[in-house]
Amino acid sequence: MQQNATARPKIAVVTRDEEGLSLQDFLAGRLGVTKRAAKAMIDARVVWVNRKLVWMARHPVNPGDKVAFVVTRNTGAKQDKSTEARPHIRVLWQDDDYLAADKPAGILTQGRDSAEELLRTQEGIPALQAVHRLDRETSGVLFFAKHAEALEAAIAMFKTHRVTKIYAAIAAGGVERQASTLSEALDGERAVTHLKRLQSNADASFLSLRIETGRTHQIRRHLAGIRHPIVGDRQYGVKHSDDPRVLSVTRQMLHASELELPHPMLLGQHIKAHAPLPADFRAALKLFGLGKKGGR
C-alpha cells in the first residue's frame, strides 16, 4: 500500500493536436489509463503544469505546456483486492490493554483496509480500536485499545496534557531559529506546537515537533503559517516550485516518532513507544542534503 515517496517525476510536453484537452483527458491519453485513474492522480496532487501544482481535472492544457507527474503503482486499472498483498504492520509495544503500532504512510487509521482493520486480523483482536488518528500520509506511532474499558480510559487521558507526542518533519526552506513555539489558534481553538531544528540548509529543514494539543492538521497548518510547509504536503504546502526535488516527493514528510503517556489502566506505570524513520523519509532527507551529513 505504501508507495515510494521520492519517485522521479516524468514530464510530457503538450502538442498542438492536444490543445484544449482537459488535464484529465491529457493524462489519460498519454498514460493509456482510464479517466478515473487520471483524475485520481490529479486528486492526489502529484501533477504539475509548468511547475505549478494543479488539482483541477478540467484545467485546459495548451501547446508547449510541460506537464510533470509521478506514476505510482496505483496508476492504471484498479487492482483486485483479493490478490493484493496486505501489508504487515509492525507492533512496537503491547500489553493486555493496549497496543502501539508503526502505521505505514498511505493507509487510513480507521475504515476499510485501515491500520485498525489490518491489525484486528493480524493480531487476532476483533475489539481493537484506535485511540487517536494520524493522517493517511503520516507514518509512525499509532495507539490502540484492546477493549472498551481501555478505550474509554485512554480517550480521557488523551484529553489531558499528560500525553507526549513527538513528530519528525522535513519542512521547505531554512528554518532560522533553533527552537520556537507556534501558538496560533486553529479553528478558534488553542493550538500549541513546540519546534526544534535538528538540521537545516537553504532548501529544507529537518525538524522535531512536540504538540500540546491535537487540532486537525495542526503541525501542517502551523508550519505553513510560518512559510515553512512540510515537503510533499499538497494541501498546505508549496504550490509552485522550480526545484525538481519538490515535485519528486509524493507524500507529506511527517512521521509520528514517539508517544509517551501514563498507563491509563495501571497506576504508576508508563507507556513509551518509538517508531524509527521509515525508508522513504530517510530517502527524502538524503535528497535535500540532510540527515547524517549536510546542513547546519
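You'll find the structure just up there.
Please read these numbers as outputs of a predicted model, since none were measured by experiment.

A. Quick peek at the overall build of the protein. Each helix and strand counted, the protein has seven helices and 14 strands in total. A compact globule built from 296 residues would reach a C-alpha radius of gyration of about 19 Å, and the protein, at 21 Å, matches this within 12%. For the protein, the C-alpha atoms occupy an extent of roughly 70 × 50 × 40 Å along the three principal directions. Counting across all 296 residues of the protein, residues that qualify as buried make up 49%. Carbon together with sulfur atoms contributes 49% to the accessible area of the protein, which is approximately 15000 Å² in total. Charge centroids of the protein, computed over 45 positive and 32 negative side chains, lie 5 Å from each other.

B. Structural view of the side chain of Asp65. Position of Asp65 among the secondary structure elements: in the loop between β3 (52–53) and β4 (66–69). As a buried residue without a salt bridge, Asp65 has its nearest oppositely charged side chain in Lys66, at a separation of 10 Å. There is a polar contact of 3.1 Å between the side chain of Asp65 and the side chain of Asn50. At 2.8 Å, the side chain of Asp65 and the backbone nitrogen of Asn62 are in polar contact.

C. A look at the packing of helix α1 (residues 23–31) against helix α2 (residues 35–43). Close contact between α1 and α2 brings their axes to 8 Å; oriented N to C, the two are set at 115°. Taken as a pair, α1 and α2 cross one another with a handedness that is right-handed. For the pair α1 and α2, contact is made by Leu23, Gln24, Asp25, Leu27, Ala28 and Leu31 and by Lys35, Arg36, Ala38, Lys39, Met41 and Ile42, respectively. Class assignment of the residues belonging to the contact of α1 with α2 gives a composition of seven nonpolar, one polar and four charged.

D. Up close: the nonpolar core. In this structure, Phe144, Ile170, Ile219 and Leu223 are the most contacted members of the largest nonpolar core, which totals 40 residues. For this core, the elements supplying multiple residues, two or more each, are β6 (98–103), α3 (115–123), β8 (139–145), β9 (164–172), β12 (204–211), α5 (218–225), β13 (254–262) and α7 (279–287). Residue contributions to this core peak at six residues, all from β9. Not counting residues up to four positions away in its chain, the partners in contact with Ile170 are Ala204, Ser205, Pro229, Ile230, Val231, Met253, Phe281, Ala284, Leu285 and Leu290. Formed by 20 residues, the second largest nonpolar core is a distinct cluster that contains Val33, Ile42, Val46 and Ala57.

E. Highlighting the environment of Val246. As for its placement among the helices and strands, Val246 is situated in helix α6 (residues 244–248). Along the sequence, Val246 and Gly232 sit 14 residues apart, while their C-alpha atoms lie 6.9 Å from each other.

F. Quick look at the sheet that holds β4. What the four strands build is an open sheet, ordered β1-β4-β2-β3; its pairing is antiparallel. The sheet is open, and its two borders are formed by β1 (10–13) and β3, each paired with just one other strand. Here two bridges tie strand β2 (residues 47–49) to β3, and the two strands are oriented antiparallel to one another. What sits directly across from Trp48, in β3, is Leu53. The sheet strands contacting α1 are β1, β2 and β4, and the helix crosses β4 at an angle near 70°.

The rules behind these values
Residues numbered from 1 in each chain as written. Predicted model: local features only at pLDDT ≥ 70, side-chain atom pairs only at ≥ 80, totals over all residues. Heavy atoms only, no water. Helix = DSSP H or I, 4+ residues; strand = E, 2+ residues; numbered from the N terminus. Rg over C-alpha atoms; globule rule 2.2 N^0.38 Å. Buried < 20%, exposed > 50% of the residue type's maximum accessible area, 1.4 Å probe, protein only. Areas by Shrake-Rupley, 256 points an atom, 1.4 Å probe, with all protein chains shown as cover. Lys, Arg positive; Asp, Glu negative; His and termini not counted. Charge placed at Lys NZ, Arg CZ, Asp CG, Glu CD. Salt bridge = Lys/Arg side-chain N within 4 Å of Asp/Glu carboxyl O. Polar contact = N/O pair within 3.5 Å; in protein donor to acceptor, adjacent residues only side chain to side chain. Axes fitted to C-alpha atoms, helices over the stretch in contact; angles between N-to-C directions. Left-handed = near helix turned anticlockwise from the far one by under 90°. Contact = heavy atoms within 4.5 Å. Nonpolar A, V, L, I, M, F, W, Y, C, P; charged D, E, K, R; others polar. Core = buried A, V, L, I, M, F, W, Y, C linked by side-chain atoms within 4.5 Å. Pairing = 2+ DSSP bridges.

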